[in-house]
Amino acid sequence: MAQETAEYAQPLTVLAEDEAIFRDSVREFAEAQVRPLVREMDEHAKFPRTLIDQLFDLGVMGIEIPETYGGAGARFFHSVLAVEELSRVDPSVGVLVDVQNTLVINALLRWGNEEIKRRYLPKMSASLVGAYALSEAGSGSDAFALSSRARENGDSYVLNGRKLWITNGNEADLFIVFATVNPEAGYRGITAFLVERGFPGFTVGKKEDKLGIRASSTCELILEECRVPKSNVLGEVGKGYKVAIETLNEGRIGIGAQMLGLAKGALEHAVKYTKERKQFGKAIGEFQGVQFQLARAAVEVEAARLSVYNAARLRDAGRPFLTEAAICKILSSEVAESVSSLAVNLFGGNGFVKEYPVEKLFRDAKIGQIYEGTSNLQLQTIAKQLLG
Ligand SMILES: Cc1cc2nc3c(=O)[nH]c(=O)nc-3n(C[C@H](O)[C@H](O)[C@H](O)COP(=O)(O)OP(=O)(O)OC[C@H]3O[C@@H](n4cnc5c(N)ncnc54)[C@H](O)[C@@H]3O)c2cc1C
C-alpha cells in the first residue's frame, strides 16, 4: 500500500487551477470574438487591428513577461494552452500569439539585458507585436547559411540583406533579425539584432499569398544600409546561432500546440456534423464505419495532446525536452492533416466549400509540417538522439 506521504506526479492533462481558468478565458474569447471573424479574415488575408488589441487586453500577448514589466507572469505551458485554444477556432490567430510569446518574448527574456527588457517588454505586454526573422531565400532548413550582413560602424551595426517568410511581418513593430558579422566564421558570425520598424533602411516587402493560415501575414523584409544601435544586439555578437537554436527548440512546441488545437477543432466540427446530417434515414454518425473513423481521430488527437503537454511541462520543469519537442511537432502536424482531411470527407460536398469551416482547417494544417523546422528536420533531431 502506498504511504500517506507518497507524492505522485500529476497526470499530464490535469490542469492546475490557474491553468484551467486561463484556458477557459481564452476558449471563451476564441468562441465569442474570433469565431465570427474566421471566414472574413481568411478571405481578406488580414487580421483587424481591433482583434489584436483585444488579444493584448486578454493578456495573451505577454504571457511569460513578468508582472514587473506589465506581463501576465505566467509559464510556457500557459502559452501552449493559449495557442491551442485559439487554433481550435483559427490557427492564424494561434500563430500570431505563438510567435509573439514562444519566439520573440522568449528570446528577449532569455537573452535581453536589463536595459533591453525595460525598453521593450512593457510595450510587448501592452501593444507591440513582434516577429522573428531568420529565414532567407537561400537558407531555410539550412538556416545558418544565411547571407544577411551586419557591418560594424561606430556605435551601430549596418545591416544589408533580405529576409523571407516572416510571420507577423505586417503587424509587427519589432523584429528579431539574424545577420552575420563575419561570413567566414560560419555560424559563429551570426548575431541577433532588435530592429524597429521605423529604423532607417528597414522596409517590409511583399506579402505572400498562401494556401492556409491566410490571415497571418508572411512577408519579406528588406534591409538596405539599415542602422541598428549596438545596444540593440540581443545576446552576444557571434552568439545569434544560440539565440536561434534555443528559441526555436521551444517555439516548436508552440507549433505542436497550434496543430493540436486545429485537430481538436476539426474533430469537434466532424462530430457535430455527423450527428446532424442524415442519409439512409439516419444520422451518418450512427453508422459504425463513421463512428470508427471518428474514434480513430480521437485516438490521434489524444496522442498529440499528450506529447505537446509533455514537451511543454518538461520545458517548464527545466528538464531536457529537445527530442520530445521534435516528436510533438511532427506528430501534431500529421494528426492535424489527417483529422482535418477526415473532417472534409465526413462533411461530404459541404466539406469542399467555404461556407463550412473544415476546408479552411485542412488548408491550414499543411503549414505545421513546414515552418519552424520541416518534418524531415524533426526526424533528423529524433534520429540523432536515437543513434547517438
Ligand atoms: C507561412 C510561413 C511562415 C513562416 N514564418 C517564418 C518566420 O516567422 N520566421 C522565419 O525565420 N521563417 C519563417 N518561415 C520559413 C520556414 O521556417 C521555412 O520555410 C522552413 O524552415 C523550410 O525552409 P525552406 O522553405 O527553405 O525549405 P527547404 O529547406 O528548401 O526544404 C525543402 C525540402 O527539403 C527537405 N530537406 C532540406 N534539408 C534536408 C535534409 N538535410 N534532410 C532531409 N530533407 C531535407 C525539407 O524537409 C523540405 O521537405 C515561414 C514559412 C512559411 C511558409
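Right above here is the structure, for reference.
About the thresholds
Residues numbered from 1 in each chain as written. Predicted model: local features only at pLDDT ≥ 70, side-chain atom pairs only at ≥ 80, totals over all residues. Heavy atoms only, no water. Buried < 20%, exposed > 50% of the residue type's maximum accessible area, 1.4 Å probe, protein only. Helix = DSSP H or I, 4+ residues; strand = E, 2+ residues; numbered from the N terminus. Pairing = 2+ DSSP bridges. Phe/Tyr/Trp six-rings, centres within 6.5 Å; stacked < 30°, edge-to-face > 60°. Lys NZ or Arg CZ within 6 Å of the ring centre and 35° of its normal. Core = buried A, V, L, I, M, F, W, Y, C linked by side-chain atoms within 4.5 Å. Contact = heavy atoms within 4.5 Å. Axes fitted to C-alpha atoms, helices over the stretch in contact; angles between N-to-C directions. Parallel < 35°, antiparallel > 145°, perpendicular 65-115°, else oblique. Left-handed = near helix turned anticlockwise from the far one by under 90°. Nonpolar A, V, L, I, M, F, W, Y, C, P; charged D, E, K, R; others polar.

Draft legend 1. Representation of the pairing of strand 4 (residues 174-180) within the structure. With 7 of its 7 residues buried, strand 4 lies for the most part within the structure. Here strand 4 shows a buried face lined by Leu174, Ile176, Phe178 and Thr180 and a second buried face lined by Phe175, Val177 and Ala179. Direction of pairing for strand 1 (residues 130-133) relative to strand 4: parallel, over a ladder of 4 bridges. Across the sheet, the residue bridging to glycine 130 is leucine 174, located in strand 4. As paired elements, strand 4 and strand 5 (residues 190-196) share 7 bridges and run antiparallel to each other. Of the residues in strand 5, the one forming a bridge with phenylalanine 178 is alanine 192.

Draft legend 2. Spotlight on the packing of aromatic side chains. Tallied over the entire structure, the rule returns 9 aromatic pairs. For the ring pair phenylalanine 77 and tyrosine 309, a centre distance of 5.1 Å and an interplane angle of 75° mean the geometry is edge-to-face. Of this pair, phenylalanine 77 sits in helix 4 (residues 76-89) while tyrosine 309 sits in helix 8 (residues 288-316), and the two are 232 residues apart along the sequence. Residue class for phenylalanine 77 comes out buried when judged on its relative accessible area of 0%. Taking 5.2 Å as the distance between ring centres and 65° as the angle between the ring planes, the aromatic pair formed by tyrosine 132 and phenylalanine 178 counts as edge-to-face. With tyrosine 132 in strand 1 and phenylalanine 178 in strand 4, this residue pair connects regions lying 46 residues apart in the sequence. Given a relative accessible area of 9%, tyrosine 132 falls into the buried group. Here the aromatic cluster, defined as three or more aromatic residues joined through ring pairs, consists of Tyr273, Phe347 and Tyr356. The positively charged end of lysine 230 is found above the aromatic ring belonging to tyrosine 157, 5.8 Å away from the centroid. Positioned above the aromatic ring of phenylalanine 77 is the side chain of arginine 313, whose terminal nitrogen or guanidinium carbon lies 3.8 Å from the ring centre.

Draft legend 3. Representation of the nonpolar core. Counting 116 residues, the largest nonpolar core has Leu108, Tyr132, Leu159, Phe178, Val195 and Ile253 as the members making the most contacts within it. Sequence-distant contacts of leucine 108, that is, excluding residues within four places in its chain, are made with Ile116, Lys117, Tyr120, Leu121, Met124, Leu174, Leu194 and Leu234.

Draft legend 4. Structural detail: the packing of helix 7 (residues 240-276) against helix 10 (residues 358-365). Axis separation between helix 7 and helix 10 bottoms out at 10 Å; the angle between their running directions is 155°. It follows that helix 7 is roughly antiparallel to helix 10 by the angle criterion. Of the two possible hands of crossing, helix 7 and helix 10 adopt the one that is left-handed. Counted together, Met259, Leu262, Gly265, Ala266 and His269 of helix 7 and Val358, Leu361, Asp364 and Ala365 of helix 10 form the full contact between these two elements. Here the contact of helix 7 with helix 10 is built from residues that sort into 6 nonpolar, 2 polar and 1 charged.

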